[in-house]
Amino acid sequence: MTFENYQYTRPNTDQLKEQLAALVERLNSANTAKETIEIFNEYNELRDNVSTMAQLSEIRVTIDTTDKFYEAEQEFWDEFGPELDSLYSKFDEAIFNSKFKEELKKEIGEHYFNLIETSLKVFSDEIIEDLKEENKTTEQVNFALDEIEKQNTIYKVKRKYF
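This text gives an overview of the structure that appears in the document. Source: prediction; values computed, not measured. (Residues numbered from 1 in each chain as written. Predicted model: local features only at pLDDT ≥ 70, side-chain atom pairs only at ≥ 80, totals over all residues. Heavy atoms only, no water.)

### Structural notes on the overall build of the protein
Point 1. Helix and strand counts for the protein stand at 6 helices and 0 strands.
Point 2. Start at the N end of the protein and walk to the C end: the helices and strands fall as α-α-α-α-α-α.
Point 3. Here the protein has a C-alpha radius of gyration of 20 Å; the compact-globule value for 162 residues is 15 Å, and the former is much larger.
Point 4. Within the protein, buried positions represent 34% of all 162 residues.
Point 5. By sequence separation, contacts in the protein at least 24 residues apart represent 73% of the contacts at least 6 residues apart. (Helix = DSSP H or I, 4+ residues; strand = E, 2+ residues; numbered from the N terminus. Rg over C-alpha atoms; globule rule 2.2 N^0.38 Å. Buried < 20%, exposed > 50% of the residue type's maximum accessible area, 1.4 Å probe, protein only. Contact = heavy atoms within 4.5 Å.)

Spelled out as structure tokens, the structure:
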């Protein structure tokens, strides 16, 4: 499948929050390592789909910074991204604290648990608003740099041909 054929759909945030909360609840009440792995795989599939939509939006707004639709989508992701990180963090915490942790390390790999441990140390719900502000500022800087680059290109073309 080529890039142009990928369909972008903004996720339903309420539905996504419910799905992730349900996965955390199921993970916490799992009775076997096998059941935990199945939930983990469901989580990864959901996360991959959401990540694909976020990446599509980011790439498409980068390709055409004048596209108002994807500009609005990027604003959505800048705002929702930190909330989504919080939801992911809750799942990570649940799997990190799973009673089947040792068995999961054999199946998933110890490195994954090391990554989760680090992520849990650096993320807190207390910084969500700061992360949203950082995203907005980063987008403003990127837009300004893009405009400067366009003006510089125009200047070079004028200088070369006129």
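Now that the structure is up, let's keep going.
### What about the layout of surface pockets?
Point 1. Taken as a whole, the largest pocket holds about 870 Å³ of empty space.
Point 2. Forming the boundary of the largest pocket are 30 residues, of which Glu58, Gln74, Trp77, Asp78 and Glu139 lie nearest the centre.
Point 3. Only helix H2 (33-63), helix H3 (68-96) and helix H6 (128-161) provide two or more residues apiece to the lining of the largest pocket.
Point 4. With 11 residues, the top contributor of residues to the lining of the largest pocket is H3.
Point 5. Per-class residue counts for the lining of the largest pocket are 9 nonpolar, 10 polar and 11 charged.
Point 6. When its volume is computed, the second largest pocket comes out at roughly 200 Å³. (1 Å grid on protein atoms, 1.4 Å probe; cavity = no way out; pocket = protein on both sides within 12 Å on 5 of 7 lines; lining within 4 Å. Points joined across faces, edges and corners; volume = space filled by probe spheres on them. Nonpolar A, V, L, I, M, F, W, Y, C, P; charged D, E, K, R; others polar.)

### Structural notes on the packing of aromatic side chains
Point 1. Overall, the coordinates contain 11 aromatic pairs when judged by the stated rule.
Point 2. Where Tyr8 meets Tyr70, the ring centres are 5.6 Å apart and the plane angle is 65°; that geometry is what we call edge-to-face. Of the two residues, Tyr8 sits in the segment before helix H1 (13-28) while Tyr70 sits in helix H3, which places them 62 residues apart along the sequence. Across this residue pair, the class does not change: Tyr8 and Tyr70 are buried.
Point 3. With 5.2 Å between their ring centres and 80° between their planes, Phe40 and Tyr112 make a pair best called edge-to-face. In this pair, Phe40 is assigned in helix H2 and Tyr112 in helix H5 (residues 110-122), connecting sequence segments 72 residues apart.
Point 4. In this structure an aromatic cluster arises from ring pairing among Phe40, Phe96, Tyr112 and Phe113.
Point 5. The lysine or arginine in question, Arg10, covers the ring of Phe76, its NZ or CZ lying 4.2 Å from the ring centre.
Point 6. Over the ring of Tyr88 we find Arg47; its NZ or CZ atom is 4.0 Å from the centre of that ring. (Phe/Tyr/Trp six-rings, centres within 6.5 Å; stacked < 30°, edge-to-face > 60°. Lys NZ or Arg CZ within 6 Å of the ring centre and 35° of its normal.)

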